Amino acid sequence: MAHTGDVNVEVGETQRETRATKAKRASSRDRMSTLEDKVERLEDGARDAVEKLDVVDGRLDELETKGDELKDDVNIAINKAMEDVDKKGDAF
């Protein structure tokens, strides 16, 4: 009979180990799923950041171009004003 009891104890321990193993696997799957979700969110965020950076970079290029155009227009206006002053000074 002791032999039968030993078998039952062994089977009971195996069942507990199996339940514990299943629980660990489930927990591991949950953690892995959570990590995959976090990685996906990070990738989405990085993609959004790159897109926004591209937009900002394009707008900065536009501003630089407009700034150069404005600078040229101001220089033209100053040169014209200087010519007018020179003409008036010569006429005076």
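Please read these numbers as outputs of a predicted model, since none were measured by experiment.

Section: the overall build of the protein chain
A count of helical and extended segments in the protein chain gives 1 helix and 0 strands. Taken over 92 residues, the protein chain has a buried fraction of 0%.

Overview of a negative patch on the surface
On the surface, a cluster of negative charge is contributed by D48, E51, D54, D57, D61, E62, E64, D68, E69, D72 and D73. Along the chain, D73 turns up in helix α1 (residues 2–91).

Focus on a positive patch on the surface
On the surface, R19, K22, R25 and R29 cluster together into a patch of positive charge. Mapped onto the fold, R29 is located in helix α1. Residue R29 is classed as exposed on the basis of its relative accessible area of 56%.

Quick look at a nonpolar patch on the surface
On the surface, a cluster of nonpolar side chains totalling about 380 Å² of accessible area is made up of L70, V74, I78 and M82. By the secondary structure assignment, M82 is in helix α1.

Quick word on the confidence of the model for the protein chain
Across the protein chain, pLDDT averages 85, with 82% of residues at or above 70. Every residue in residues 1–9 scores below 50 in pLDDT, and together they form 0 contacts with partners more than four places removed in sequence or on other chains.

Criteria and thresholds
Residues numbered from 1 in each chain as written. Predicted model: local features only at pLDDT ≥ 70, side-chain atom pairs only at ≥ 80, totals over all residues. Heavy atoms only, no water. Helix = DSSP H or I, 4+ residues; strand = E, 2+ residues; numbered from the N terminus. Buried < 20%, exposed > 50% of the residue type's maximum accessible area, 1.4 Å probe, protein only. Patch = residues over 30% accessible without salt bridge, like charges linked within 9 Å, V, L, I, M, F, W, Y side chains within 5 Å. Areas by Shrake-Rupley, 256 points an atom, 1.4 Å probe, with all protein chains shown as cover. Salt bridge = Lys/Arg side-chain N within 4 Å of Asp/Glu carboxyl O. Lys, Arg positive; Asp, Glu negative; His and termini not counted. Charge placed at Lys NZ, Arg CZ, Asp CG, Glu CD. pLDDT = per-residue confidence, 0-100. Contact = heavy atoms within 4.5 Å.

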